[in-house]
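# Structural characterization, general
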Protein chains: 2
Amino acid sequence: MADAGTRRRRGGGRAGAVTRRGHAVIEQMPWSIPINNDRPTEPLTEDGVQAIHEGAMRILEEIGIAIYNDEARAIFKEAGCIVDGDNVRMGREFIMEMVALSPSEWTITPRNPDRKVTIGGKNMLFTNVSSPPNYWDLELGRKIPGRREHCQNLLKLSQYFNCIHVIGGYPVEPVDLHPSIRHLDVIFDKLTLTDKAIHGYSLGKERIEDIMEMVRIAGGLTQEEFEETPRMFTNINSTSPLKHDIPMLDGWMRCARRNQGLIVTPFTLAGAMAPVTMAGAVAQSLAEGLCAVALAQYIRPGAACMIGTFTSNVDMKSGAPAFGTPEYMRATQMTGQLARFYGLPMRASGVCAANVPDAQATWETSNSLWSAVNSGTNFVYHAAGWLEGGLIASPEKFVMDCEILQHIQKYFDPAITATGPDEIALDAIRDGDAEGNFFGIAHTQERYSTAFYQPFLSDWRNFEGWELDGAVWTHERAHRIFKEIIENFEAPALDIAIHEELSDFVARRKAEGGVPTDY
Amino acid sequence: MADAGTRRRRGGGRAGAVTRRGHAVIEQMPWSIPINNDRPTEPLTEDGVQAIHEGAMRILEEIGIAIYNDEARAIFKEAGCIVDGDNVRMGREFIMEMVALSPSEWTITPRNPDRKVTIGGKNMLFTNVSSPPNYWDLELGRKIPGRREHCQNLLKLSQYFNCIHVIGGYPVEPVDLHPSIRHLDVIFDKLTLTDKAIHGYSLGKERIEDIMEMVRIAGGLTQEEFEETPRMFTNINSTSPLKHDIPMLDGWMRCARRNQGLIVTPFTLAGAMAPVTMAGAVAQSLAEGLCAVALAQYIRPGAACMIGTFTSNVDMKSGAPAFGTPEYMRATQMTGQLARFYGLPMRASGVCAANVPDAQATWETSNSLWSAVNSGTNFVYHAAGWLEGGLIASPEKFVMDCEILQHIQKYFDPAITATGPDEIALDAIRDGDAEGNFFGIAHTQERYSTAFYQPFLSDWRNFEGWELDGAVWTHERAHRIFKEIIENFEAPALDIAIHEELSDFVARRKAEGGVPTDY
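So, a few notes on the structure that sits alongside this text. Being a predicted model, the structure only gives us computed values, none of them experimental.

## Here we look at the overall build of chain A
When helices and strands are tallied, chain A shows 18 helices and 21 strands. Against the compact-globule benchmark of 24 Å for 519 residues, chain A has a radius of gyration of 24 Å, which places it among compact chains. If one aligns the C-alpha atoms of chain A with their principal axes, the spans along those axes are about 80 × 60 × 45 Å. Among the 519 residues that make up chain A, the fraction classed as buried is 66%. For chain A, the share of sequence-separated contacts (at least 6 apart) that also reach a separation of at least 24 residues comes to 78%. When the accessible surface of chain A is totalled, it reaches about 16,800 Å², and 50% of it is carbon and sulfur.

Right, here's the structure in full:
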């Protein structure tokens, strides 16, 4: 493999192989990055923003963060922070100086350069559900541990739907693959079944290094090219409250050094791992996130960082986590205000507590997705397929969520709210035909095919038409679409030599025993 | 009945009779008027607002509105408008002068003065679904014409749920009651099963006069007291494009003269009864609405008017109406901007095209309800119970929608976004117990019971707990809650003498033959 780093081949869909197009199971919206031009909803006054900022700074200055990774702790010490055992306290000057180095916009360029995405600004990107240990589908009718086949199917959905812009973590954990080699097989699946930007878990140095190498191979890149600009990203979680563990920070620092995308997402569940008050939970989340951003910037000024929010609340009766609640929505909006204050792109999520793809799943997911919209979120993790607070991945839920994601994409189409003379349409109103019906007139006919959002899953027929066709409820229709997409799926083009090189890499690393699993 | 107008008795829940409280089937949020302090989402620039305003004015000035009601046409003529056959053209000076007389806030005081509501400002009110001809519930499993019993059950839900502030039109059309006496029976049911402000249909002079008289009786009011301040409201629809019919304008003028609440809601379905472009559909809707407001203000300066939006789009494949679409959301927000431009309170709706209470019903309804929130809507019609584009009322959907309405109510709770020292909670973060769990600490325990939204329908248990309890999907849980509420329903207190007087009135008017049905 010594020569791999010097080979130059393009792995993208535009290269050598003929791009094949799958059977058109549904008519979906084209690949396009939604641009959110709306003014965000901002529940905090300027004083409120300052109060939460002050809270986050005082947490970092007075309470500190437990940094279990020795190397990271040494770096903080070198930077002038106060290290006491595992505890690291850091001054706001250091934090703010480092955060100021973090770019407000950056890109990820996957093996297919047409799938390049820009993180930050007014861009809003969607990723698949990530990391549920379990799988549920309608045919199965029960919850079972995830398998590679489920994971592959969900990756196929992630590739198929144009409204999914980036591939997140494993869409379901394939528990049938041994942890020592799981990343090799799933990253191979990700890089061959999809051509979009991918995530790599920071779970020990060997894994993240393997993943970066595979992404490099898939892109036909030299080592230099790989590091020129982010080609993939990782997402780490702090261990709330106020702790960062060893393997996650290890991966974080490795990705920072190699100029890959970095997202830090504390899981601050108000009333459990964070204060019961949302402002406190947000302040704590920011403290946990900002110190990771500072670390990355110290290592590599200008590192591509994004701050995530996963602040929600528990059910105070049972202690169970709740998602898509009013408190979740407001926490997301508050975090949005603070992310803009720090000049950092923001990640939020599409989440629910529901166990099956029903009405509750939909209102909780809608609440979280629309709060992502009106908080100015740039990157929506778990945007499709999530159930049971992230413990279940469901293909029906995935398909259903994509309908909502397409709503959001269309919602941002400035044509809807255009107010030129052609849109005010005074002449059309004046000249409406005798029965006052606009359907047949030229103004309508000229705009006929593109005027409105066209759903692929919503059934707009009247009750009788719907009943005659079998009275199929939405989750059942979603199941059928899922099956059809999988049946007709064709993988995106990939140079056969690159495919082989990836296979060889996986085989070699397996032969070497994979990675340690006792981290 | 000659003495009825002079009797003075209070009909409200605070009067004579002991207020009975129904069995607590669910723990719901208390009666409270949501205050929307968010800055609305405004897709239009100032120029865009001006362009739509200009469009509406030119429609009124250059194209005109067909006014089929002779009396109304005569009033427009008297006011200086240009009348040509049924067509009335009106100058913007007249319109704007009249609209400026319309109050930006007004109240409705029902028989129970505790249920008084303020329309306009930052207030956001919710009403039940109104006027579907058909009924569907899970037990029935099919769509059938509405009956009085269905209508009564939906009125009971409307009374039971504190998040329903106002009773709209018939929650389902009771087709088993003859049209000549239907209004007598249903208004009797409304006034005895609920104590909230009610709607009366403007469907011929006899009906609206009967309704006003019954509302007066129920409130124990003199004629003067009835007219002192709005005690009820009507909602009229124009016949789009650009027509107002005879009975609706008749009721409109009668209610204006007697100082009752007035909502005008054009049904401008883009691509069918309005231009295919949303700005044109909104401009047309405003023209149709503003001329009715002008008429009311000319009759009674300061009349309590509200402008409604029901602008949506058709499915361009079938011509079927679509609801809760991205276009619907943007039209609602655009209309919100124009309503604020004119200083008028705004009505929008909770709507969907789905035929059953499933995921599609939920995302379409969520889209419409959240666009009501972020458009600054004051009054949400059809906020609970609507299916099939308004052709079906469903009690399960009603119960489900109330969960979303409670989300909205809680979302507006300023406590969630408070940022005082107690909320930033630095001490709680500092003193978190050894395991870093906030659940048991004083800061949490003090806020334990009220910190977060507590759902009555969402099931937040994990999959196993939910499965052990029968794996009941949301619409089935909603059905059970519906049945329990009806089983345990107790009507609000009403003075027995008033109850009798209402019964007598209904009996007398029935004996007189009800009202003509050949309007």
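## Thoughts on the pairing of strand β15 (residues 305–308) of chain B
Residues and elements named next belong to chain B. Covered by surrounding structure in β15 are C305 and I307 together with M306 and G308, the residues of both alternating faces. In this sheet, β15 lies alongside strand β13 (residues 261–264) in parallel orientation, the contact comprising three bridges. Looking at β15, one finds that I263 is bridged to M306. Direction of pairing for β15 relative to strand β18 (residues 346–349): parallel, over a ladder of two bridges. Residue pairing across strands places I307 opposite M346, the latter belonging to β18.

## Details of the interface of chain A and chain B
Taken together, the contact between chain A and chain B spans 107 residues of the former and 107 residues of the latter. For the pair chain A and chain B, the summed buried area comes to about 9,500 Å², and 65% of that belongs to carbon and sulfur atoms. Per-residue buried area on chain A facing chain B is highest for W363, F452 and W460 of chain A; these three make up 10% of the total on that side. Across the contact surface, chain A and chain B share 10 salt bridges. Considering each element in turn, the side of chain A that touches chain B owes the most residues, nine residues, to helix α11 (residues 359–375) of chain A. A per-class count over the side of chain A that touches chain B returns 54 nonpolar, 29 polar and 24 charged.

## What about the sheet that holds strand β17 (residues 321–322) of chain A?
Residue and element names in this part refer to chain A. Taken together, three strands build an open sheet; the order of strands is β14-β16-β17 and the sheet is mixed. Pairing within the sheet leaves two strands with one partner each, and these edge strands are β14 (269–270) and β17. The sheet contact formed by β14 and strand β16 (residues 312–314) spans two bridges and is parallel. The residue of β16 that forms the bridge with A270 is N313.

## Here we look at the pattern of salt bridges
Across all of its chains, the model carries 70 salt bridges over all chains by this definition. A salt bridge links D70 of chain B to R73 of chain B; the nearest nitrogen and oxygen atoms lie 2.8 Å apart. Note that D70 of chain B and R73 of chain B are positioned in helix α2 (residues 70–78) at a spacing of three residues, about one turn of the helix. What makes D70 of chain B exposed here is its relative accessible area of 55%. In this structure R73 of chain B comes out as buried when scored by relative accessible area, which is 15%. The network of salt bridges with common partners includes E209, E227, D250, R254 and R258 of chain A.

Rules used in this analysis
Residues numbered from 1 in each chain as written. Chains lettered and ligands numbered in written order. Predicted model: local features only at pLDDT ≥ 70, side-chain atom pairs only at ≥ 80, totals over all residues. Heavy atoms only, no water. Helix = DSSP H or I, 4+ residues; strand = E, 2+ residues; numbered from the N terminus. Rg over C-alpha atoms; globule rule 2.2 N^0.38 Å. Buried < 20%, exposed > 50% of the residue type's maximum accessible area, 1.4 Å probe, protein only. Contact = heavy atoms within 4.5 Å. Areas by Shrake-Rupley, 256 points an atom, 1.4 Å probe, with all protein chains shown as cover. Pairing = 2+ DSSP bridges. Buried area = accessible area lost by both parts, 1.4 Å probe. Salt bridge = Lys/Arg side-chain N within 4 Å of Asp/Glu carboxyl O. Nonpolar A, V, L, I, M, F, W, Y, C, P; charged D, E, K, R; others polar.

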